[in-house]
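Chain residues, written in single-letter form:
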Amino acid sequence: MADLTNNFAGIRSPNPFWLASAPPTNMGSMIERAFDAGWGGAVWKTLGEPITNVSSRLAGLDHGPMRLIGLNNIELITDRSLEINLREMAECKKKYPNHAVIASLMVESKKEAWQEITKRTQDTGCDGFELNFGCPHGMSERGMGAAMGQVPEYTCMVTEWVKEVSNIPVIVKLTPNVTHIVPPGQAAQRGGADAVSLINTINSVMGVDVDTMIPYPNVNGMAAHGGYCGTAVKPIALNMVSELARDAEFNIPISGIGGINTWRDAVEFMLLGAGNVQVCTAVMHYGYRIVEDMIDGLNTYLDSKGFASANDIVGKSVHRMTDWGNLDLNYDVKARVNEEKCIQCNLCYVACEDGAHQSFEFVESNGKRYPRVIEKECVGCNLCYLVCPSPGAIEMVRVDAGGPTQSWRERTAGN
Amino acid sequence: MATDYCTPLDITQIEHNFAEINPAMSAAEAMQEANRCLYCYDAPCMHACPTHIDVPAFIKKIASGNVSGSARVIFDANPIGASCARVCPVEVLCEGACVEKTLINKPIEIGRLQRYATDHALKNGKQIFTKGEPNGKSVGIVGSGPAGLSCATYLARLGYDVTVYERREQAGGLDTYGMAEYKMSKSVSLSEVEHVERMGVRFVTNTEVVGKTKAEFDETPWKMIEFRHLISENDAVFLATGLGATNRLNIPGEGLDGVFDALDFIERVKTRDWRSVPLGRNVVVIGAGNTAIDAVTQAKRLGADKVTLMYRRSEKDAPAYDYEIELARKDGIEFLWQTVPVAVGGDERVSRIRVRQGEREFDIECDQVIKAIGQQKMASFFTDVLGIETDEKGRVVVNENLQTSDPKIFAGGDCSNGGKEAVDASQMGKLAAIGIHEVLTGSKVEFAGAVVRTPPKAPLDPNPH
């Protein structure tokens, strides 16, 4: 059994799986049930001035029979009073001294307001803060949330305010609703943040009811854009995590968030530089119980790869991310069809005909008709491999001689 | 006949026994299953379907919520798509070819999805195809079964004035009268007939087409019309007569009370007037084709104590599909393979059948014998009455336009292919409509699934990378 204990910017937890600040962390009893289920930490639903929510407030993106491959919400920060939340936070921390209890904060952009809530909250004994500079809906219209995170100067400034009075680690939660993630990440670091977490949710409209013509989620016939999360956002999150992880000037820990459903997703985030991960949508869909296989699967994976600790995999793949201009132009792969595994759905064929480079033909073999790759036409794009439903039926085979590499930058150097 | 010569079961039990073997899908089930379809390109299922329905297209339309469009795709290639959804041997056709069968041995339930889409259309009374602009030509069709209905549909779409002659009281042929009741009720077939009727096709039922009206036919309950009238009144005639009467055993006792034709038995079942169906307690069915299976399973479902299927050859020689024999086995049917009937015995009513197994001869007790040993070809009607050519098996000979040796007469379905599935007859009806149109107008039309061809390979980049 590998060691799963996690030390994230000085915050200790029994494992790297935290609940993100969201409905699953709405109150003490929920977080306590989550800890009992196995979660290593929890970021409390964002604390701040009292708000009023609307109904309804969630909308889902389905793909065929798959429900909720994406979810969006227009829910605001906690609608519970600060006193109650702080009392429960203190009780929870007392009951679960070894688990990470993180307080997410969001108040108006005034130094006194930020410093006051910081001081009041840290009296609960919580392990750290997460500054919510990411919420893209509702709060941002009031100059909070993403309105902070989208301006690096504000990010830096508010972080400094909090750091002045905080005696526990401060994590800055970044919004993905920016052109480039590195400037806000660096701004948080400049402001003294101990770590960042990303991504928060993405601006989105989930769809329109084509019968009523009312967009989702319907609030008395009207809708507003909301924050997008869940499985579908994982690639965006991985990109942003890896961008920060491989930035030479950025060197504080990253808590990875965005579409994590399984241990495998978590491992991918950690390989690309996340020191731990936060989960929300998958729990909203299936409940706290999913952490059991996250822990079990991560353990099995670490054991099979010979890692003694989960921390050993953090950043292992970062050096394999680079700019396009550094990729080897001489590397050459071609698709190959394994007839024994081919089920003759011909999806590779049509995908290549209409979506790639017309590199397939049909051939008769053993009385059946199979798709076959015309190798000189194949550019090695992977599309056929990606659409193939039969594992092993299409293989991408390296065909270059493995000679010297040459990138575009090298090729054009001196031009 | 004794009054107890019928089902001993109460109606609730019978209705339970005759519940549809492949029930309708709920919307949720259809959606789940439709989404499982991989949407194959130039799909094996489409090749395997005799009418070449674009199966991936109709399934994806279910998944997208365009169920009416799905039904249009089906009926476009097969006017009896609702019947075929229930009675097709999908295991050896579309579902047998499904790549999900290859991949995980669980083919997409194409038949039931087809039913889902076609039911939706028929239940909503949606008229999917309408009569084409009248082209001034008329065609008479003999027989309203799958081939006749299909041909009538396509001809009506082309603007022909079409009249279908049917000897029976109701149109639809074997789809109406001959399918096992647990597979399909006649209402499905009749709703397809109505759909064709609404395209302006006239159905003249209770009317037999004969060579020459004969006095001895005067006692028949139906009317008669001489074939020469059809020929003179129409630009072409399509023969979709199916097959003739059930073959005879030609053994002593065949005329005893209690000896039935399987098709007559099945037809009685299909009235759903359960108590009117003649049924013994100990039933022997002779033959091992799919009709024999329909007879044994329904006799058993009606409550016969013991039902035996008897066949002169071995199980592996049986013409019925393996899954049909399996169904009979599950129903508790007893099988007597390599057993030949020698004589039916009894005083007026059947009480036993004498059989031979190899050298051995013995009696089997029974109180009902059902013959399911194939149907006769109506070769003499074709050759002697109509003067058209038949082959050595009595099948009407046709060319690629489904035209017979008489240029005005076309033929398709069982009378020409010797007896296949409804879906095969439907395809022949389609091909005949195309053939008739070509012969009468000189122009070639194409209907969905008339031929199945792999799209041509796209051109390569002339300036390769």
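Quick caveat: nothing in here was measured; it's all calculated off a predicted structure.

Engineer: Explain the domain arrangement of chain B to me, please; I cannot follow it from the model alone.
Structural biologist: Where interface size is quoted, it is often the accessible area lost as the parts come together. Residue and element names in this part refer to chain B. Its domain assignment divides chain B into domain 1 (11-123), domain 2 (138-244 + 376-441) and domain 3 (259-371). For domain 1 versus domain 2, the distance between C-alpha centres works out to 27 Å. Counting from both sides, the interface comprises 24 residues of domain 1 and, opposite them, 23 residues of domain 2. Taking both partners together, domain 1 and domain 2 bury about 2,000 Å²; carbon and sulfur atoms supply 65% of that area. Where Asp76 meets Arg157, a salt bridge forms, and the shortest distance between an N and an O atom there is 2.8 Å. For the pair domain 1 and domain 2, the interface holds 11 residue pairs in polar contact (both at pLDDT 80 or more). Of all the secondary structure elements, the ones that give two or more residues to the side of domain 1 that touches domain 2 are helix 5 (67-77) and helix 6 (81-87). Here the element with the most residues in the side of domain 1 that touches domain 2 is helix 6; it accounts for six residues. Partitioning the side of domain 1 that touches domain 2 into residue classes produces 16 nonpolar, five polar and three charged.

Engineer: What is the right way to look at the sheet that holds strand 12 (residues 352-357) of chain B in this model?
Structural biologist: Paired through their backbone hydrogen bonds, the strands of a sheet run either parallel or antiparallel. Residue and element names in this part refer to chain B. If you trace the three strands from one edge of the open sheet to the other, you get 11-12-13, paired in antiparallel fashion. Each edge of the sheet is formed by a strand with only one pairing partner; in this case those strands are strand 11 (340-345) and strand 13 (360-365). Across this sheet, the average inter-strand angle for adjacent strands is 25°, counted without regard to direction. Summarising the sheet, strand 12 and strand 13 pair through six bridges and their orientation is antiparallel. What sits directly across from Arg352, in strand 13, is Glu365.

Engineer: Which parts of the structure should I look at to understand the interface of chain A and chain B?
Structural biologist: In this assembly, 23 residues from chain A lie in contact with 20 residues from chain B. Summing both partners gives a buried area of about 1,700 Å² for chain A against chain B, and 63% of it is carried by carbon and sulfur. Here chain A and chain B share two salt bridges between them. A salt bridge links A:Glu353 to B:Lys457; the nearest nitrogen and oxygen atoms lie 2.4 Å apart. The interface formed by chain A and chain B includes eight residue pairs in polar contact (both at pLDDT 80 or more).

Engineer: Can you walk me through the environment of B:Phe238 in this structure?
Structural biologist: All names here are of chain B. Within the secondary structure, Phe238 is located in strand 6 (residues 236-239). Taking the relative accessible area as the measure of exposure, Phe238 reaches 0% and is therefore buried. When the C-alpha atoms of Phe238 and Tyr182 are compared, they prove to be 31 Å apart, with 56 residues separating the residues in sequence.

Engineer: Looking at this structure, I do not really get helix 10 (residues 291-305) of chain A. What am I missing?
Structural biologist: Residues lying three or four places apart along an α-helix face the same way, a consequence of the helix completing one turn every 3.6 residues. All names here are of chain A. Its 15 residues place the ends of helix 10 21 Å apart at the C-alpha level, agreeing with the 21 Å of an ideal helix rising 1.5 Å per residue. Along helix 10, the residues that are buried comprise Val291, Met294, Gly297, Leu298, Asn299, Tyr301 and Leu302. Structurally, helix 10 contributes buried residues whose contacts are with strand 3 (17-19), helix 1 (28-37), helix 8 (263-271) and strand 14 (274-279). Immediately downstream of helix 10, the backbone of Gly306 shows phi near 80°, a positive value.

Engineer: Explain the packing of aromatic side chains here, please?
Structural biologist: Taken as a whole and judged by the stated rule, the model has 12 aromatic pairs over all chains. Between A:Trp263 and A:Tyr301 the ring centres are 5.7 Å apart and the planes differ by 35°, which places this aromatic pair in the tilted class. Taken as a pair, A:Trp263 in helix 8 and A:Tyr301 in helix 10 lie far apart in primary sequence, 38 residues in all. Judged on exposure class, the residue A:Trp263 and its partner A:Tyr301 are both buried. Seen from their ring centres, B:Phe18 and B:Trp274 are 4.7 Å apart, and the 35° between their planes marks the pair as tilted. One end of the pair, B:Phe18, is in the loop between helix 1 (11-17) and helix 2 (27-36); the other, B:Trp274, is in the loop between helix 14 (262-269) and strand 8 (282-286), and 256 residues separate them in sequence.

Engineer: Explain a nonpolar patch on the surface to me, please; I cannot follow it from the model alone.
Structural biologist: Among the surface-exposed residues, A:Trp324, A:Leu327, A:Leu329 and A:Trp408 lie close enough to one another that they form a single nonpolar patch of about 440 Å² accessible area. The class for A:Trp324 is exposed, based on a relative accessible area of 57%.

The rules we used
Residues numbered from 1 in each chain as written. Chains lettered and ligands numbered in written order. Predicted model: local features only at pLDDT ≥ 70, side-chain atom pairs only at ≥ 80, totals over all residues. Heavy atoms only, no water. Domains from an automatic or database assignment. Contact = heavy atoms within 4.5 Å. Buried area = accessible area lost by both parts, 1.4 Å probe. Salt bridge = Lys/Arg side-chain N within 4 Å of Asp/Glu carboxyl O. Polar contact = N/O pair within 3.5 Å; in protein donor to acceptor, adjacent residues only side chain to side chain. Helix = DSSP H or I, 4+ residues; strand = E, 2+ residues; numbered from the N terminus. Nonpolar A, V, L, I, M, F, W, Y, C, P; charged D, E, K, R; others polar. Pairing = 2+ DSSP bridges. Axes fitted to C-alpha atoms, helices over the stretch in contact; angles between N-to-C directions. Buried < 20%, exposed > 50% of the residue type's maximum accessible area, 1.4 Å probe, protein only. Expected span 1.5 Å × (residues − 1). Phe/Tyr/Trp six-rings, centres within 6.5 Å; stacked < 30°, edge-to-face > 60°. Patch = residues over 30% accessible without salt bridge, like charges linked within 9 Å, V, L, I, M, F, W, Y side chains within 5 Å. Areas by Shrake-Rupley, 256 points an atom, 1.4 Å probe, with all protein chains shown as cover.

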